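Spelled out from the first residue to the last, the chains are:
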Amino acid sequence: MAQSPLVMRIVSASFAAANRAGMIIRDIMRKGELGVVEKGINDLQTEADRSAQRCIVASLSKQFPKVDIIGEETLDPNDKIPADWIVLGTDTEILAKPCPENLTNVKDEDVVIWVDPVDGTAEYTQGLLDHVTVLIGIAVNGKAVAGVIHQPFYNYKTANATLGRTIWGVIGIGTFGLDKVLPPAGKRIVTTTRSHSNKTVTDSVQAMSPDEVIPAGGCGHKALLVIAGVAHAYVFGSPGCKKWDTCAPEAVLHAMGGRLTDVHGNDIRYEATVKKQNAGGVIATMSDHDWYLSRVPQSVKDALPA
């Protein structure tokens with residue numbers, strides 16, 4: 001049997017690694033030994049961040065040693081990783097999907113994998129567990145083409161429910177693991193940051209004339225609010241988030257027919273050599289993207305580089 005195309009194998013392996021990372025994250029929370037350290041202002045790291053990244057990077061590096069993998073956390077490369085954290089399994093349902101023609105001949109050197117092991121770390125430490133996601137984004141020649149978003153604590157408020165859910169998407173195939181839901185008609189709901197606000201963020205949100213604003217943690221969580229129809233748009237007029245925050249959400253959103261750009265309407269680039277910060281902010285929608293871009297105040301556009 002012929003080997004599946006590289007991109008589909010990476011997505012399949014990422015799906016398995018994200019699920020294993022979710023188990024590690026839940027286990028650390030259950031034990032209560034979060035091991036919080038401050039990396040900077042409003043920038044925390046926990047033992048869950050460190051352990052989940054070790055799991056994901058080790059698992060993917062073992063299978064794709066020539067592919068660039070960039071994780072959020074700076075870790076000691078000599079750290080010993082438990083054998084049961086290295087996942088070499090794949091998801092057969094993903095491998096059974098036909099690969100889009102434009103991705104069938106992708107080479108190792110064309111790919112960068114962006115990993116945020118715990119998106120929504122602050123919320124993790126505060127017990128806002130539905131905001132927490134594991135993000136693995138796959139970029140080819142600088143463009144986000146596929147992504148995996150795992151919610152370790154999905155269903156955590158429901159008694160006796162199975163915890164965790166994994167959503168994945170490939171542009172040209174679709175998004176799987178949740179259904180697209182239209183947001184409420186007759187009103188405009190915007191989601192934005194709950195912990196990294198400033199004047200340009202506030203001005204951007206208010207310019208949309210929202211009927212409701214949902215403050216939320218984690219780029220992955222806010223993107224899922226848009227996909228699930230809870231919000232019409234995710235608006236963040238600030239250079240706060242990084243490439244590992246947006247690569248997976250952008251691909252999953254795009255695969256379902258949505259769009260994620262900076263506030264100028266530019267696509268975000270994901271080559272290994274790019275600056276890690278998304279200096280132009282983020283706008284994410286399932287529809288009417290150009291309308292939201294048109295509402296961004298000129299003062300915000302002037303403050304954020306194009």
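Sequence positions are assigned chain by chain, starting from 1 and proceeding in written order. Local features in this predicted model are restricted to residues of pLDDT 70 or higher, and side-chain atom pairs are both shown and tallied only at a pLDDT of 80 or more, whereas totals for entire chains, interfaces and linings draw on every residue. Side-chain measures were taken over the full set of non-hydrogen atoms in the model, leaving aside hydrogen atoms and water.

Participant: What is the right way to look at the side chain of Thr166 in this model?
Facilitator: Strands are runs of DSSP state E lasting at least 2 residues, helices are runs of H or I lasting at least 4, and numbering of each runs from the N terminus. For Thr166, the location among the structural elements is in strand β7 (residues 165-170). Burial classification: accessible surface area is computed with a 1.4 Å probe over protein chains only, and a residue below 20% of its type maximum counts as buried, one above 50% as exposed, and the rest as partly exposed. Note on Thr166: relative accessible area 12%, which makes it buried. Polar contacts here mean pairs of N or O atoms no more than 3.5 Å apart (in protein, one a potential hydrogen donor and the other a potential acceptor; neighbouring residues in sequence count only if both atoms are side-chain atoms). A distance of 2.6 Å separates polar atoms of two side chains, one belonging to Thr166 and the other to Asn19. Among the polar contacts listed, one links the side chain of Thr166 to the side chain of His150, at a separation of 2.7 Å. Contact criterion: two residues are considered in contact whenever any of their non-hydrogen atoms come within 4.5 Å of each other. Beyond its immediate stretch of four places on either side in the chain, Thr166 contacts Phe15, Asn19, Val148, Ile149, His150, Phe176 and Gly177.

Participant: Is there a simple way to think about the sheet that holds strand β13 (residues 282-285) in this case?
Facilitator: The strands making up a sheet are joined through hydrogen bonds of the backbone, oriented either antiparallel or parallel. Note: two strands are recorded as paired if DSSP finds a minimum of 2 bridges between them. Sheet architecture is open: five strands sit in the order β10-β9-β11-β13-β12, paired in mixed fashion. At either margin of the open sheet sits one strand with a lone partner, and together these are β10 (212-216) and β12 (259-261). On average, adjacent strands in this sheet sit at an angle of 20 degrees to one another, irrespective of strand direction. Summarising the sheet, strand β11 (residues 233-236) and β13 pair through four bridges and their orientation is antiparallel. By the bridge assignment, Phe236 is partnered in β13 with Val282. Here an axis means a line fitted to C-alpha atoms, over the contact stretch when the element is a helix, while the angle between two N-to-C directions is reported on a 0 to 180 degree scale.

Participant: Explain the packing of aromatic side chains here, please?
Facilitator: One pair of aromatic rings is described through two measures. These are the centre distance and the angle between the planes. Only the six-membered ring of Trp is used, alongside the rings of Phe and Tyr, when aromatic pairs are assigned; centres must lie within 6.5 Å, and planes under 30 degrees apart are stacked while those over 60 apart are edge-to-face, with the rest tilted. All chains considered together, the criterion is met by five aromatic pairs. When the centroid spacing of 6.2 Å and the interplanar angle of 40 degrees are considered together, the rings of Tyr124 and Phe153 count as tilted. Placement of the pair is Tyr124 in helix α4 (residues 121-126) and Phe153 in the loop between β6 (143-151) and β7, with a sequence separation of 29 residues. Overall, Tyr124 belongs to the buried group, its relative accessible area being 0%. Residue class for Phe153 comes out buried when judged on its relative accessible area of 5%. Ring geometry for Trp291 versus Tyr292: centroids 4.9 Å apart, planes at 85 degrees, classification edge-to-face. Through a chain of ring-to-ring contacts, three or more aromatic side chains come together here, namely Trp114, Trp244 and Tyr270. The side chain of Arg165 reaches across the aromatic face of Tyr154, ending 4.0 Å from its centre. We count a charge as sitting over a ring when the NZ of a lysine or the CZ of an arginine lies within 6 Å of the ring centre and within 35 degrees of the ring normal.

Participant: Help me understand the packing of helix α1 (residues 6-31) against helix α2 (residues 47-63), please; the structure alone is not making it clear to me.
Facilitator: Two measures define how a pair of helices packs: the angle their axes make with one another and the distance between the axes. One way to put it is that α1 packs onto α2 with a least axis distance of 9 Å and a crossing angle of 155 degrees. One way to sum up the angle between α1 and α2 is to call them roughly antiparallel. The element α1 and its partner α2 pack so that their crossing is right-handed. Of the residues in α2, those touching α1 at Ala13, Ser14, Ala17, Arg20, Ala21, Ile24, Ile25 and Ile28 are Glu47, Ala48, Ser51, Ala52, Cys55, Ile56, Ser59, Leu60 and Gln63. These descriptions rest on fixed angle ranges, namely under 35 degrees for roughly parallel, over 145 for roughly antiparallel, 65 to 115 for roughly perpendicular, and the rest for oblique. Take the far helix as your reference; a near helix turned counterclockwise from it by less than a right angle gives a left-handed crossing, and one turned clockwise gives a right-handed crossing.

Participant: Would you explain the pattern of salt bridges in this entry?
Facilitator: Once their charged atoms are close, side chains differing in charge can pair, the charge on each being opposite to the other. A carboxyl oxygen of Asp or Glu within 4 Å of a side-chain nitrogen of Lys or Arg is what we treat as a salt bridge. Counted by the stated rule, this structure contains ten salt bridges. Among the ionic pairs, Arg194 bridges to Glu123, the shortest N-O distance being 2.8 Å. Taken as a pair, Arg194 in the loop between β9 (189-193) and α5 (199-207) and Glu123 in helix α4 lie far apart in primary sequence, 71 residues in all.

Participant: How do you make sense of the environment of Thr202 when you look at a structure like this?
Facilitator: Examined against the element boundaries, Thr202 turns out to sit in helix α5. Each C-alpha atom, one on Thr202 and one on Gly237, is 7.9 Å from the other, the two residues being 35 residues apart in sequence. Engagement of the side chain of Thr202 in a polar contact is seen with the side chain of Ser197, the distance being 3.5 Å.

Participant: Explanation requested: the environment of Ser61 in the structure shown.
Facilitator: Structurally, Ser61 can be placed in helix α2. On the basis of relative accessibility, which here comes to 30%, the residue Ser61 falls in the partly exposed class. Spatially, the C-alpha atom of Ser61 lies 35 Å from that of Thr191, the residues being 130 residues apart in sequence. A polar side-chain atom of Ser61 sits 2.7 Å from the main-chain carbonyl oxygen of Val57.

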